[in-house]
Amino acid sequence: MRLCFQIPIASHENRLLDEGAETFLKEDIVVLQNIPTIVVFTKYDKLVNHMAVQNKTDPDTAAKEYLQEYCIDPIAKLTGSTHLSCVAVSSNAGHERGRSKLIELTHEKVTAAFGSQLGALSSASVVTQMAQRVSPSLKIEGSIAIGKQRYWRAPTDYTVLECLAAVHTDIVRVWNFNDPSQLLSSNDFREIMTSLIWTVGTSSGRSTPVVLPSVAGPALSKRVHGAFDVHHKFMAYIVHLVHVLEVLFALMAIDNGKKLTRGAISSALNAYYHSATRRDADIQIKGFDNETLRNAVLEKIVSLIRTSPIDEDANINALKSVSREDLERGEWYVDVDTSERRERLASLTNLINDLNIQFKKEGDIDVLTKIITFQRTALQLTPPGHQERVVSLVHLANSLHKRFRMEGTMEDLTEIITLWRAALQLTPQGHPRRVVNLVNFADSLYERFKKEGGMEDLEEIVTLRRAALQFTPPGHPGRFLSLVNLSNSLHERFIKGGTLADLDEIIAFRRAASECTAPTPSDQCMSLLNLADSLREKYQRLGMDADLAEAIKYARAASVRCPVEQDASCRDCVASCVELKAKKSRVSAPTVEAIDSGVEPSGIKQMVRNIIAEITQTLPLRLLNTYTGALCDRDAQISCFQDSAQYDELSSTYDSPECEQSVRKTVSKYFGYTTLSHRWGVGEPLLRNIQGNSVYDLDGGEGFAKLQNFCALTLRHGYRWAWSDTCCIDKDSSSELQEAIGSMFSWYRNSALTIVHLSDVSGTTSFADSIWFKRGWTLQELLASPRVLFYTQDWSLYMSRTSPNHKLDDTILTELQEATGIGELQLKNFSPGVFDARSKLQWASTRHTTRAEDVAYSLFGIFQVSLPVIYGETTQGALGRLLAEIVSQSGDVSVLDWVGEASPFHSYFPASLAPYQAAPRIPPVLSEPSKTNDVDLGKKHKLYNALAQLQSPRFLGRRLVLPCIVHRVIRVKLLATSSTTSHYDYEIIASGLVPLKLTLSHPLQEGSGTLADLPYALVRPCDPNLLHLLARSDIPGRLLEWLGQPFNALLLRSLLHNEYRRIASDCLINASIEDLGTVVNIQWRNLEIV
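A brief report on the enclosed structure follows. (Residues numbered from 1 in each chain as written. Predicted model: local features only at pLDDT ≥ 70, side-chain atom pairs only at ≥ 80, totals over all residues. Heavy atoms only, no water.)

## Things to note about the overall build of the protein chain
Helix and strand counts for the protein chain stand at 44 helices and 19 strands. The buried share of the protein chain, reckoned over its 1090 residues, is 50%. Total accessible area computed for the protein chain in this model is approximately 50,900 Å², and 50% of it derives from carbon and sulfur atoms. (Helix = DSSP H or I, 4+ residues; strand = E, 2+ residues; numbered from the N terminus. Buried < 20%, exposed > 50% of the residue type's maximum accessible area, 1.4 Å probe, protein only. Areas by Shrake-Rupley, 256 points an atom, 1.4 Å probe, with all protein chains shown as cover.)

See below:
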């Protein structure tokens, strides 16, 4: 025996012994007489450190002297013994010698005391014999003496359960079993011990509650009220506990001191329960009436404890007959009498049923915990091998699983697995419940696998799933689920490093599952998706095109009637397969067939169809169904929707204003589509290549791979429909081409997302140099699309920017402005129309198209004009018609402000868009007070009224009627000429203007004289919108001042029939008014220019 005391340090005001220890050493020294005892002083390192702090010359010697004076001598004096062995120890490094001395001293003491009985000693046998010499009665008396001041109170202060819990702990500690799992301190063992006092009656018949587990609560207390009084319970519990521990100790001594198991404890319990000692103790306790005298109770307990069950021959034989399997059993079991067991099970079953009803109503986890406690007790009362035990195991496992779902504790899950394992072992082959137990056992193991990832669990899961599959032959309603579960478990193993054999088996099981009748459409869809994923994984391992083709087939089959909640999974699956196919330009998929329900629409269905018709009218003529790869016209698009789960849901709703809004939202979302913006490359798929096929079935190199990647990205972003200008327009039909070009701006504007593929931009280069910014059609696509994402040549996001809209991404937006010359506001929120035409023409002036006419056609949507598309006409003709329409609609004469070669279509227009690269002249802002106050007010108003009555510039046939101010040329003088460049430099003098110089590519007629001598005029086009641009105060005066500002003049040559033709110049003709006073006398004229 070791008595441990912490070394006191005087300056720290520590005591060596408390009052309880002093009393024990003075009064109960008899306890030490039969036990080899060592006094151990702990915290020796602190004493040595203390001496060092006190500046002792030799701290170790000083510590030894202190130990002798303040520790060893006082204990010797107190006990009156000088033969106690003492040792000082510390757990810290540097004090190993003290610990070694303690071990040597212990072995020496025990050997000296018991060597004659043991012969050759082992460490286990030494400890065993030492414990056997400890009197249980003395241990109980010591426990009660130590704890009586704390919990030996009337029930009004402490409950019987609280008292017994403390006594239980003290008694278990006395025996010092090798119990690392704390089984003897567990609630299970305490409940079993409580059950042993069930049959102990009372002679007084007074009504007091029975001793029950603390979770029993009022319900069970009411059932057994009046069974026992306090002292009978207390006595029975202590006596039975000590005797059980005695039997257990004898059993473990036979087993050479191994760790405790539930099987060993249960064997000891069973042996004691059937012993005469237990029955005699119950009889004596029942007949004991001195419950009011504490000492009498204690004396009775001690006397009963001293009657050892180990002395019975029956018990000795019972212990010898305990098998190794019983000792290693991992579950509890108490074999009580059949009549008592049935009575108790009936009571427990009633209680559990009541609590289950309460739990279903309230969902209170405390109630569930009570259920679990009583189910454990019921399990302990069920014999091994009996079918009732399987039921008890299953019920307890199910309740623990409910609690696991609520709390998620691994302790519960571990117990669940143990219970299912035991239930499966007790369920014979061919029993109807075996497949259920197999599945539940596997499911519980899978719960643990998900949390811990143990491969041993996974291997066992696979084995259990295989066994379960044997119980569900083809045609069995549970076969689908068995196939799915087994294939999923095999897939987990494959992910963890399985072989291709695993993958082949997975595919075989999943293919078999796809042929079964699934419980729900969702299950069927997921089964097909899983099969597609497995085939895709096999393709990635082996590269067999047939596997990928089959994967796409099953993925598309899943998407045909995909439930709404699995739509994203379907998209991802199809997209993953298509992306792989696109890399090799090989894909496989069937077409979608439109389904006509044949039902006459009415009510809500008619409303749905009306909304569908309205929304689809705004869609492109054809769209690619990215789930299937089929090209669908509007009828096919509508048929796809009518065959969808969304349509079924809408058709079952009720007609109301809110319903209409919901329908409109659902339909709009379903028909959301993406558009592709790209530079056409080699081998782009056309309508004739796609129609009647699927983009996923076709080979064709780079162009088809681009289209397939575009469809895959569309799926990734959550959209079913996609539009590409390569294959979604019938370019052989002039009428369809006309409609497409006229509608293209709105198609991009209405798209949910525009995906821009920059085939010449890698992950490290800026997109500013991409050819995409030089193409004509891409300007419309950029401006029209509200949401744009840029992708590089490998279909990764540009700059890895994951913002949902690159037009709103500050970093990319800055680059866009630099690359296009377009302002932030216009990029973010462009409005089409003929206003600010000069800026729009400037944006397009550096772009090119494959077909020359498309330079103009690509701008129809930007200017929102509707003109015929006439492929085969000249570039100048197409551009001239566009510019003429702009001028006619807007009156914007800035379109006429250019330098360069004139168009053969009309002399007032340039031959190309290149001249518009120069920024338009910005009129000066008039902020100073008017300098025309001295001009006659009547003349000012006359000038203003003349301007206000002018019509906008307009075209009559091929003639431009242009309101303008005319300055007739009165002198032309050649200043220089260049034979190499064919340029002519002239000095021009016109009426009312300062003389000016200009350079032309064509010679002029020289001379001077009257206005009629020369056929030239410098004109200033009039913008009728000018009046709206001037400040409201003193508009006539402001107009006069504005007209006095320098302006860009146009040089005209008069022809017959009062017609004029513009002479193109090689530089701007910057003209200035010679005398501001003459401005008031100018006249507006309408010239016809050809």
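## A closer look at the sheet that holds strand β8 (residues 753–757)
Strand pairs in the sheet, formed through backbone hydrogen bonds, run parallel or antiparallel to each other. With mixed pairing, six strands are arranged side by side in an open sheet as β5-β4-β7-β6-β8-β9. Strands with a single pairing partner mark the edges of an open sheet, and in this sheet they are β5 (630–633) and β9 (788–791). The mean inter-strand angle of the sheet, taken between neighbouring strand axes irrespective of direction, is 30°. Note: strand β6 (residues 673–678) against strand β7 (residues 721–723), three bridges, orientation parallel. Pairing of T675 across the sheet is with W723, part of β7. Docked against the sheet, helix α33 (residues 702–716) engages β4 (622–625), β6, β7, β8 and β9, running at close to 140° with respect to β6. Packed onto the sheet, helix α34 (residues 734–750) meets β4, β6, β7 and β8 and runs at close to 110° relative to β6. (Pairing = 2+ DSSP bridges. Axes fitted to C-alpha atoms, helices over the stretch in contact; angles between N-to-C directions. Contact = heavy atoms within 4.5 Å.)

## Observations regarding the packing of aromatic side chains
Enumeration according to the criterion identifies 22 aromatic pairs in this entry. Ring centres of Y857 and Y871 lie 5.2 Å apart, and the angle between their planes is 90°; this geometry places the pair in the edge-to-face category. Of this pair, Y857 sits in helix α39 (residues 854–857) while Y871 sits in the loop between α40 (860–863) and α41 (875–890), placing them 14 residues apart in sequence. Residue Y857 is classed as buried on the basis of its relative accessible area, which comes to 0%. An aromatic cluster of at least three residues, connected via ring pairs, comprises F641, Y647, Y670, F671 and W721. (Phe/Tyr/Trp six-rings, centres within 6.5 Å; stacked < 30°, edge-to-face > 60°.)

## Points about the packing of helix α3 (residues 44–53) against helix α4 (residues 59–79)
Contact pair α3 / α4: the axes reach a minimum separation of 8 Å and the direction vectors enclose 120°. Between α3 and α4, the angle falls in the class oblique. α4 is crossed by α3, and the crossing has right-handed handedness. Along the contact surface, α3 presents Y44, L47, V48, M51 and A52, while α4 presents P59, D60, A62, A63, K64, Y66 and L67. Here the contact of α3 with α4 is built from residues that sort into 10 nonpolar, no polar and two charged. (Parallel < 35°, antiparallel > 145°, perpendicular 65-115°, else oblique. Left-handed = near helix turned anticlockwise from the far one by under 90°. Nonpolar A, V, L, I, M, F, W, Y, C, P; charged D, E, K, R; others polar.)

## Details of the packing of helix α21 (residues 434–452) against helix α22 (residues 455–470)
The geometry of α21 relative to α22 is characterised by a closest axis approach of 9 Å and an angle of 160° between their N-to-C directions. Between α21 and α22, the interaxial angle falls into the category roughly antiparallel. As for the relative orientation of α21 and α22, their crossing is left-handed in sense. Residues V435, L438, V439, F441, A442, D443, L445, Y446, R448 and F449 of α21 form the contact with α22, whose participating residues are D457, L458, E460, I461, L464, R465, A467 and A468. Class assignment of the residues belonging to the contact of α21 with α22 gives a composition of 13 nonpolar, no polar and five charged.

## Quick word on the pattern of salt bridges
Evaluated as defined, the whole model comprises 27 salt bridges. Each of R405, E447 and K450 takes part in one network of salt bridges that share partners. (Salt bridge = Lys/Arg side-chain N within 4 Å of Asp/Glu carboxyl O.)

## Brief notes about a nonpolar patch on the surface
On the surface, a cluster of nonpolar side chains totalling about 260 Å² of accessible area is made up of L500, L542 and M544. Looking at the element boundaries, L542 is found in helix α25 (residues 521–542). (Patch = residues over 30% accessible without salt bridge, like charges linked within 9 Å, V, L, I, M, F, W, Y side chains within 5 Å.)

## Overview of the environment of S746
Secondary-structure assignment places S746 in helix α34. Residue class for S746 comes out partly exposed when judged on its relative accessible area of 32%. For the pair S746 and P620, spaced 126 residues apart in sequence, the C-alpha separation works out to 9.1 Å.

## Concerning the side chain of S903
For S903, the position within the fold is in the loop between α41 and α42 (937–948). Judged by relative accessible area, S903 falls into the buried class, the value being 5%. A polar contact is formed between the side chain of S903 and the backbone nitrogen of F905, at a distance of 3.0 Å. (Polar contact = N/O pair within 3.5 Å; in protein donor to acceptor, adjacent residues only side chain to side chain.)

## Overview of the pairing of strand β12 (residues 983–990)
Where strand β11 (residues 959–978) and β12 come together, eight bridges link them in antiparallel fashion. Bridged to V972 within β12 is I988. In textbook terms, the turn of a hairpin is the stretch between consecutive antiparallel strands, and for β11 and β12 this stretch comprises four residues, one of which, S982, has a positive phi near 55°. Direction of pairing for β12 relative to strand β13 (residues 996–1000): antiparallel, over a ladder of five bridges. Each bridged residue has a counterpart across the sheet, and for Y986 the counterpart in β13 is L998. Here β12 folds back onto β13 in antiparallel fashion, the turn holding five residues, of which G992 has a positive phi close to 80°.

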